[in-house]
Amino acid sequence: MAQRKVIISCAVTGSIHTPSMPPHLPVTAKESAESAIGAAEAGAAIVHLHARNPQDGRPDQSPEAFEPFLRVIKQSSNVVVNLTTGGSPYMTVEERVRPAEKWRPEIASRNMGSMNFGLFPMLKRYQEFKHECEPKMLEGSHDLVGRPSRRRHGRARACYRRSRRHGVEPRDLARFPGAPSQSRQTPPLARNPDGSGARRRRKGAQSHA
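All residue numbers here refer to positions counted from 1 along the written sequence of the relevant chain. At least 70 in pLDDT is required for a residue's local features to be given in this predicted model, at least 80 for side-chain atom pairs to be given and counted, and no such filter applies to totals for whole chains, interfaces and linings, which use all residues. Here the side-chain values reflect all heavy atoms present in the structure, with hydrogen atoms and water set aside.

## Things to note about the confidence of the model for the protein chain
Put simply, the rule reads: Every residue is assigned a pLDDT by the predictor, reflecting its confidence on a scale from 0 to 100. Only DSSP runs of H or I reaching four residues or more are called helices, and only runs of E reaching two or more are called strands; each is numbered from the N terminus. Residues are treated as being in contact if the distance between any of their heavy atoms lies within 4.5 Å.
For the protein chain, the average pLDDT comes to 77, and 67% of its residues sit at 70 or higher. Mean pLDDT across the elements of the protein chain ranges from a minimum in strand S8 (residues 189–191), with 41, to a maximum in helix H1 (residues 29–41), with 97. Note that residues 179–209 has pLDDT below 50 and, in this model, 31 contacts with residues that lie over four places away or in other chains.

Rendered as structure tokens:
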């Protein structure tokens, strides 16, 4: 049997989870470095990196927040580094691209399409939080939507030119190259007028071979 090569990318710590979920989420630079090096030793070829405020775990997109763990990772491993330009949905475009502009990683992430970041249901799951800011962040996610725009992509292209590659992060099928066009899809089905569970094609709809 022919072997298939697989590239494993590990996102060590993202931006939308809070330190109380789970309690072992890397927050400090030391924790992020240890987690990234551990992922590389376990077989990851790429580590996707965010930074956090060590005091309360909030996303921190300042280049200075990335420096401590980037230095340790590079000294201890040859893993490919992918720096986020997503940062946090609460941040401006200028804030998000600063780390990649300064540190020029092998890869800089590039979000494609919008995405809902609604983590507010976690407010019912967790009764206690480590930091006062956590429930406020979760409550604010009721209307939180990541909205990549032409302005953002235009601003981000400058930092991508400083990195060797950019890692595209599609949010839906339409963002994948070669994805089937909606016009070629089988038309949606509708319930019968009487509300019964039987389903029929909408009038005039034809299926496509």
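## Quick notes on the packing of helix H2 (residues 63–76) against helix H3 (residues 93–103)
As a reminder, the rule being used: Only the stretch in contact is used when fitting a helix axis, every axis being a line fitted to C-alpha atoms; angles between N-to-C directions are given from 0 to 180 degrees. Roughly parallel here means an angle under 35 degrees, roughly antiparallel means over 145, roughly perpendicular means 65 to 115, and every remaining angle is called oblique. By the definition used in this description, the sense in which the near helix is turned from the far one sets the handedness, with an anticlockwise turn below a right angle giving left-handed and a clockwise turn giving right-handed. Classification used: nonpolar for Ala, Val, Leu, Ile, Met, Phe, Trp, Tyr, Cys and Pro, charged for Asp, Glu, Lys and Arg, polar for all others including Gly.
It is at 9 Å that the axes of H2 and H3 come closest, and there the two elements cross at 50°. With respect to H3, the element H2 is oriented oblique. Of the two elements, H2 crosses H3, and the hand of that crossing is right-handed. Taken together, the residues of H3 that come into contact with H2 (itself represented by Pro63, Glu64, Phe66, Glu67 and Leu70) are Arg98, Pro99, Lys102 and Trp103. Looking at the contact of H2 with H3 residue by residue, the class counts come to five nonpolar, no polar and four charged.

## A word on H3
Applied cut-off: Burial classification: accessible surface area is computed with a 1.4 Å probe over protein chains only, and a residue below 20% of its type maximum counts as buried, one above 50% as exposed, and the rest as partly exposed.
Turning to H3, its buried residues number three or more, namely Val93, Arg96, Val97, Pro99, Ala100 and Glu101. Positive phi shows up at arginine 104, right after H3, with a value of about 50°.

## Description of the packing of H1 against H2
Interhelical geometry of H1 versus H2 gives an angle of 30° and a closest axis separation of 8 Å. Considered as vectors, H1 and H2 are oriented roughly parallel to each other. For the crossing formed where H1 meets H2, the hand is right-handed. Contacts between H1 and H2 pair Ala29, Ser32, Ala33, Ala36 and Ile37 from the former with Pro68, Phe69, Val72, Ile73 and Ser76 from the latter. A per-class count over the contact of H1 with H2 returns eight nonpolar, two polar and no charged.

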